[in-house]
Amino acid sequence: MFEKDHLDALFAELDTEWRGSVDFDQLTRDAHLGIALSDAGRPLEDRIDSRVIALIDKHKP
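Bear in mind that the values here come from a model prediction, so they are computed numbers and not experimental data.

**Considering helix α1 (residues 4-18)**
Okay, step 1: Given a rise of 1.5 Å per residue, 15 residues ought to cover 21 Å, and the 21 Å separating the end C-alpha atoms of α1 matches this to within 8%.
Okay, step 2: Trailing α1 by a residue or two, G20 shows a phi angle of about 95°, which is positive.

Set out below in structure tokens:
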């Protein structure tokens, strides 16, 4: 399950990499959904942008 430190690191990287892009808002929404799905043990593919999946995989506990 994601904890505050994991979330902070994930969103900091998302912000650093994608803020200002036209996709930023959608990536942020996908990150929130993806974290919830990941914590619930549900698959992320076909629901979440692959860039966000990579961040979730990188930062998940």
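Back to the text.
**Section: the packing of α1 against helix α3 (residues 50-59)**
Okay, step 1: As a packed pair, α1 and α3 sit with axes 9 Å apart at the nearest point and diverge in direction by 145°. As α1 runs across α3, the sense of the crossing is right-handed. Counted together, H6, A9, L10, E13, L14 and W18 of α1 and R51, L55, I56, K58 and H59 of α3 form the full contact between these two elements.
Okay, step 2: Residues of the contact of α1 with α3, tallied by class, amount to six nonpolar, two polar and three charged.

**What to know about the nonpolar core**
Okay, step 1: Ranked by size, the top nonpolar core spans 14 residues in total, and within it L10, L14, L44, I48, V52 and I56 carry the most contacts.
Okay, step 2: Among the elements that make up this core, the one with the highest residue count is helix α2 (residues 24-39) (five residues).

**Some remarks on the packing of aromatic side chains**
Okay, step 1: By the definition in use, this model includes zero aromatic pairs.
Okay, step 2: We note R51 situated over the ring of W18; from NZ or CZ to the ring centre the distance is 4.7 Å.

**A short note on the side chain of T28**
Okay, step 1: Locating T28 in the fold gives a position in helix α2.
Okay, step 2: A residue is classified by how much of its surface remains accessible, and T28, at 19% relative accessible area, is buried.
Okay, step 3: When residues no more than four places from it in sequence are discounted, the contact partners of T28 are F11 and L14.

The rules behind each value
Residues numbered from 1 in each chain as written. Predicted model: local features only at pLDDT ≥ 70, side-chain atom pairs only at ≥ 80, totals over all residues. Heavy atoms only, no water. Helix = DSSP H or I, 4+ residues; strand = E, 2+ residues; numbered from the N terminus. Expected span 1.5 Å × (residues − 1). Axes fitted to C-alpha atoms, helices over the stretch in contact; angles between N-to-C directions. Left-handed = near helix turned anticlockwise from the far one by under 90°. Contact = heavy atoms within 4.5 Å. Nonpolar A, V, L, I, M, F, W, Y, C, P; charged D, E, K, R; others polar. Core = buried A, V, L, I, M, F, W, Y, C linked by side-chain atoms within 4.5 Å. Buried < 20%, exposed > 50% of the residue type's maximum accessible area, 1.4 Å probe, protein only. Phe/Tyr/Trp six-rings, centres within 6.5 Å; stacked < 30°, edge-to-face > 60°. Lys NZ or Arg CZ within 6 Å of the ring centre and 35° of its normal.

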